[in-house]
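# Chain and residue survey
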Amino acid sequence: MLFFLDTADVTEVKALAETGMIDGITTNPSLAASSGIPFPQLIAQMCALVEGPVSAEVMAPDAATMVTQGRQLAKISKNVTIKVPLTVEGLKACQTLSHEEIMVNVTLCFSATQALLAAKAGAAFISPFIGRLDDISQSGMELIKDIRLIYDTYGFETAVLAASIRHPMHIVEAAKAGADAATMPPKVLRQLYQHPLTDLGLENFLKDWNKSGLSI
Ligand code: E4P
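Anyway, here's the lowdown on the structure attached to this text. Counting restarts for each chain, with residues numbered from 1 along the sequence as it is written. Where totals are concerned, whole chains, interfaces and linings use all residues; where local detail is concerned, this predicted model gives features only for residues with pLDDT of at least 70, and gives and counts side-chain atom pairs only at 80 or more. Excluding hydrogens and water, the side-chain figures rest on all heavy atoms present in the structure.

One broad rule of soluble globular proteins: the nonpolar side chains tend to lie buried together. With 59 residues, the main nonpolar core has Ile-82, Val-106 and Ile-126 as its most contacted residues. Should any heavy atoms of two residues lie within 4.5 Å, those residues are counted as being in contact. Among residues more than four places away in sequence, those in contact with Ile-126 are Leu-86, Asn-105, Val-106, Cys-109, Ala-115, Ala-118, Ile-147, Tyr-151, Thr-158, Ala-159, Val-160 and Leu-161. Phe-4, Phe-125, Leu-161 and Ala-181 belong to the second-largest nonpolar core, a separate cluster that totals 5 residues. Think of a nonpolar core as a cluster: buried Ala, Val, Leu, Ile, Met, Phe, Trp, Tyr and Cys residues, connected wherever their side-chain atoms sit within 4.5 Å. Only protein chains enter the accessibility calculation, which uses a 1.4 Å probe. A residue is then buried if its area is under 20% of the maximum for its type, exposed if over 50%, and partly exposed in between.

Here it is in structure tokens:
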């Protein structure tokens, strides 16, 4: 399962890239707006920090402008993945960019029918937003399961990228459901490491070791 960081915080990416666990980055317009860095520069900085896909979202109402923006962003680095919204115009842009061998991440997916359309449009990634579905009392995880089943049934190669992750159990459940990747805030990645029994066990090992006078 690929782990992407969902952030526009360059300092966080730098720190967490050192763990060797980060396979890519996703940003969105809200995250980018909070970074205070001009967008193309932000994407260039992210691309320099990770080898895998870095999603950069286009912001236009029509397919033609999305394609122009997508081509422009794709020039920044070979690992830029163009993020388009799951709208008719977004999927038209997805088809054009995918034919040009530019990877496309179709975002704001909230239903299995939308995911089916994105796969038909040649998306490299589909981003179902599981947290936002949970927020309105619909099961985000059922959507991941449905998409997995549909893609496997028809042999679609679009990768299922679980997005809008809120806590570690979303990662566990998405992994069990067969998501190819998950994008999470830095806080959630850090939480994946944590277990109180690990901390307690280590504390006790350290105490015993220090008392023993042993060394390595
Ligand atoms: C994914 O690409 C999105 O940026 C993200 O996961 C949205 O998450 P949110 O619902 O926590 O804003």
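The rest of the description comes next.
Here we take up the site of the ligand. In the vicinity of the ligand, the contacting residues are Asp-6, Thr-26, Asn-28, Lys-83, Phe-129, Arg-132, Ala-163, Ser-164, Arg-166 and Thr-183. Here an oxygen atom of the ligand and a side-chain polar atom of Asn-28 are 2.7 Å apart. Take Ser-164: an N or O atom from its side chain is 2.7 Å from an oxygen atom of the ligand. Relative to its unbound accessible surface of 340 Å², the ligand loses 86% to contact with the protein. Distances are taken per atom, and a residue is near a molecule or strand as soon as one of its heavy atoms is within 4 Å of it. Any pair of nitrogen or oxygen atoms within 3.5 Å is treated as a polar contact; in protein, a donor-acceptor pairing is required on top of that, and neighbouring residues in sequence qualify only through side-chain atoms on both sides. Using the Shrake-Rupley algorithm and a 1.4 Å probe, accessible areas are obtained, with residue cover drawn only from the displayed protein chains.

What characterises a pair of aromatic rings is the spacing of the ring centres plus the angle enclosed by the ring planes. The aromatic pairing rule takes the rings of Phe, Tyr and Trp, using the six-membered ring of Trp, and pairs them if the centres are within 6.5 Å, calling planes under 30 degrees apart stacked, those over 60 edge-to-face and the rest tilted. Within the structure shown, the criterion is met by 4 aromatic pairs. Taking the centre distance of 5.8 Å and the plane angle of 70° together, the rings of Tyr-151 and Phe-156 count as edge-to-face. Accessibility expressed as a relative area gives 0% for Tyr-151, which makes it buried.

With that out of the way, let us pick up the packing of helix α1 (residues 10-17) against helix α3 (residues 39-49). Helix packing geometry: the angle between the two helix axes and the distance between the axes. Two elements in contact, α1 and α3, have axes whose closest approach is 10 Å; the angle formed by their N-to-C orientations is 5°. Classified by the interaxial angle, the pair formed by α1 and α3 is roughly parallel. In this structure, α1 uses Val-10, Val-13, Lys-14 and Ala-17 to contact α3, whose residues at the interface are Leu-42, Gln-45, Met-46 and Leu-49. The angle between two axes is taken between their N-to-C directions and runs from 0 to 180 degrees, where each axis is a line fitted to C-alpha atoms and a helix contributes only its stretch in contact. In this text, helices come from DSSP runs of H or I with a minimum length of four residues, and strands from runs of E with a minimum of two, each type numbered from the N-terminal end. The labels follow the angle: roughly parallel below 35 degrees, roughly antiparallel above 145, roughly perpendicular from 65 to 115, and oblique for the rest.

Salt bridge, as used here: a side-chain nitrogen of Lys or Arg that lies within 4 Å of a carboxyl oxygen of Asp or Glu. Applying the stated rule across the entire model yields 10 salt bridges. Residue Arg-148 is joined to Asp-152 by a salt bridge in which the shortest nitrogen-to-oxygen separation is 3.1 Å. Here Arg-148 and its partner Asp-152 are both found in helix α8 (residues 140-154), 4 residues apart, which amounts to about one turn of the helix. A relative accessible area of 14% places Arg-148 in the buried class. With its nearest N and O atoms 2.9 Å apart, the salt bridge here joins Asp-180 to Arg-148. Taken together, the residues span a long stretch of sequence, with Asp-180 in the loop between α9 (168-176) and β8 (181-184) and Arg-148 in helix α8 at a distance of 32 residues.

Turning next to α1. Inspection of α1 places Val-10, Val-13 and Leu-16 among the buried residues, and these make up the whole buried set. Take α1 and look down its axis: the buried residues cluster within an arc of 135°, on one side only. Taken together, the buried residues of α1 touch β1 (2-6), β2 (24-26), α3 and α10 (186-193). Where α1 begins, the capping side chain belongs to Asp-9, and its oxygen is found 3.1 Å from the backbone nitrogen of Thr-11. The arc in question is the one traced by the directions running from the helix axis out to the C-beta atoms.

Take the pairing of strand β6 (residues 125-128) next. The two faces of β6 match: Phe-125 and Ser-127 on one face and Ile-126 and Pro-128 on the other face are all buried. Bridging between strand β5 (residues 104-109) and β6 involves 3 bridges; their strand directions are parallel. Along β6, the bridge assignment pairs Val-106 with Ile-126. A crossover connection joins β5 to the parallel β6 through helix α6 (residues 112-120); in handedness this β-α-β unit is right-handed. Two strands qualify as a pair provided DSSP detects at least 2 bridges between them. Looking down the strands as they point away from the viewer, one classifies a crossover as right-handed if the path from the first strand across the helix to the second runs clockwise.

Moving on: the sheet that holds β2. Spatially, the 8 strands close up into a barrel ordered β1-β2-β3-β4-β5-β6-β7-β8, and their pairing is parallel. Ignoring strand direction, the axes of neighbouring strands in this sheet form an average angle of 30°. Strands in contact with α3 are β2, β3 (54-57) and β4 (80-85); relative to β3, the strand with the most contacts, it is inclined by about 170°.

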